[in-house]
Protein chains: 2
Amino acid sequence: MKEKRTVESVEKVIADFLRKNRRMPTYSEMVDLLDVRSKSVVNFWISKLVAAGILHKDSKGFLKPARPSLLLPMVGEVAAGFPSPAEEELRDIMSFDEYLITQPDSSFILKVSGDSMIDEGIKPGDLVIVNRGKEPKNGDVIVAEVDGEWTMKYFKKKGGAVILEAANPRYPPVKPRSELRVAGVVTAVIRKYHQ
Amino acid sequence: MKEKRTVESVEKVIADFLRKNRRMPTYSEMVDLLDVRSKSVVNFWISKLVAAGILHKDSKGFLKPARPSLLLPMVGEVAAGFPSPAEEELRDIMSFDEYLITQPDSSFILKVSGDSMIDEGIKPGDLVIVNRGKEPKNGDVIVAEVDGEWTMKYFKKKGGAVILEAANPRYPPVKPRSELRVAGVVTAVIRKYHQ
DNA sequence: TTGACAATAGAACGAACGTTCTATTACCCT
DNA sequence: AGGGTAATAGAACGTTCGTTCTATTGTCAA
């Protein structure tokens, strides 16, 4: 009950607020959040966080989180089969929004149905981010309209001719006759378990 | 050059600012962003966006994006093999941060190495979100320490006994002898192409 | 016990915030 | 051309922001 305020605890309180309200708390709000009675105390701690590089102030003096918001520790690698390296957190904080979406203007999301890319690890129900501005390269996973049908396939070039291959032996390669409209290149796959 | 301001264009301008600065612009800043000369014009448009449900105001009167920040249109399903439904955007906006991370306090991220879960669509290099608070259920993908080794496997219960199975025929099922420490349940998989 | 430093409290202040009002300009439809 | 609505401009206003100052309390070591 008598927890002392530390840089970490303050950071956590702010991160929680940020997650819930999607904005930084005001100093007045932080008076409540930190359970203190004066804004100058808040200022005292905020200055500490800024000095510690946890928060930044932009040119206008507004506070903003230095690292993107979500505050998930990035632990290391699971060697699926090998012993793991560091169990405890070399905590790198990351935001999937920033990580996944490099070109927000030209990207969109699709939900996958069908199993034609199953061997690429893209399963029905997965979400894929499609970048429509990107030029498809050999081997890329693309979304394309071939002869009136929309599909997700590997983009393969063989001697000038374009062939679309599924990542599933049950689907034969497609050689587009007349029209091949590439909607975009798949740049990310997201799957969520337990709804 | 003479683009007209629309609800959409204003939304986009704000979303861009939000992405860059991780906070809402002030009305004064929006004067510049929207290329107008008065805050009342800003107010005019902001009211429109609020009425349209694109922005919300919280109890304190602060603006915040109604939907999480990132602004990617969610188009529909790629029928990998079937014709696609709507090509044009039934735009649903989403943030992967919120979508993926339901329990930030008890989750962490791991990078996958090894191919033991390949048939589950989890490939080397993928990131997985692991929830350490969750009770593993039959069939869940879990990260666990078995006899001193960290692995990612299916969690299977067969008559009281726990068996860990890989999603790869090349790996035999593991029957933990002494210790089975479940580090957590995999709740999401993220893969990014092109670095 | 006392001294030094860290942490908290409280008040005061200017600046910037979002709001609101009135007035003017641009656009479209008939 | 006219008339009506949508969009913009500009100024004024009360509120609240973050900052800063001084004063008080708490904590630990000598």
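Rules and cut-offs
- Residues numbered from 1 in each chain as written.
- Chains lettered and ligands numbered in written order.
- Predicted model: local features only at pLDDT ≥ 70, side-chain atom pairs only at ≥ 80, totals over all residues.
- Heavy atoms only, no water.
- Helix = DSSP H or I, 4+ residues; strand = E, 2+ residues; numbered from the N terminus.
- Buried < 20%, exposed > 50% of the residue type's maximum accessible area, 1.4 Å probe, protein only.
- Contact = heavy atoms within 4.5 Å.
- Areas by Shrake-Rupley, 256 points an atom, 1.4 Å probe, with all protein chains shown as cover.
- Near = heavy atom within 4 Å.
- Polar contact = N/O pair within 3.5 Å; in protein donor to acceptor, adjacent residues only side chain to side chain.
- Phe/Tyr/Trp six-rings, centres within 6.5 Å; stacked < 30°, edge-to-face > 60°.
- Lys NZ or Arg CZ within 6 Å of the ring centre and 35° of its normal.
- Expected span 1.5 Å × (residues − 1).
- Pairing = 2+ DSSP bridges.

Student: Where do I start with the overall build of chain A in this structure?
Tutor: Check the secondary structure of chain A and you find four helices and nine strands. Secondary structure elements of chain A occur, N-terminal to C-terminal, as α-α-α-β-β-β-α-β-β-β-β-β-β. Counting every position in chain A, which comprises 195 residues, the buried fraction comes to 49%. For chain A, the proportion of contacts with a sequence separation of at least 24, taken over those separated by at least 6, is 50%. Taken as a whole, chain A presents about 10100 Å² of accessible surface, with 52% of it coming from carbon and sulfur.

Student: Can you walk me through the protein's contact with DNA strand C in this structure?
Tutor: As a structural note, the neighbourhood of DNA strand C is formed by 16 residues, with A:Arg37, A:Ser38, A:Trp45, B:Tyr27 and B:Lys57 the closest of them. Looking at DNA strand C alone, sugar and phosphate atoms form 55% of those within 4 Å of the protein. In this structure, a phosphate oxygen belonging to DNA strand C sits 2.8 Å away from a main-chain N or O atom of A:Arg37. Here A:Lys48 contributes a side-chain N or O atom positioned 3.2 Å from a phosphate oxygen of DNA strand C. For the surface near DNA strand C, the elements supplying multiple residues, two or more each, are helix H3 (39-51) of chain A together with helix H2 (27-33) and helix H3 (39-51) of chain B. In terms of residues, the surface near DNA strand C owes the most to one element, H3(A), which gives five residues.

Student: Is there a simple way to think about the packing of aromatic side chains in this case?
Tutor: Aromatic rings considered in pairs are described by the distance between their centres and by the relative angle of their planes. All names here are of chain A. Applying the stated criterion to the full structure yields two aromatic pairs over all chains. Relative to Trp-45, the ring of Phe-44 has its centre 5.5 Å away and its plane inclined at 90°; by these criteria the two rings are edge-to-face. Judged by relative accessible area, Phe-44 falls into the partly exposed class, the value being 47%. Residue class for Trp-45 comes out buried when judged on its relative accessible area of 12%. Between the NZ or CZ atom of Lys-156 and the centre of the ring of Tyr-154, over which it lies, the distance is 5.2 Å.

Student: Would you explain H3(B) in this entry?
Tutor: In an α-helix, one turn spans 3.6 residues; hence positions three or four apart end up facing the same way. Counted at 1.5 Å a residue, the expected span for H3(B) with its 13 residues is 18 Å, and the 18 Å between its end C-alpha atoms agrees. Two residues or fewer past H3(B), B:Gly53 is found with a positive phi of approximately 80°.

Student: Can you walk me through the pairing of strand E4 (residues 107-113) of chain A in this structure?
Tutor: Looking along a regular strand, one sees the side chains alternate between the two faces of the sheet. Residue and element names in this part refer to chain A. Within E4, six of the seven residues are buried, which leaves the element mostly enclosed by the surrounding structure. Relative to strand E5 (residues 127-131), E4 runs antiparallel, the two sharing five bridges. Within the sheet, the bridge partner assigned to Ile-109 lies in E5 and is Ile-129.

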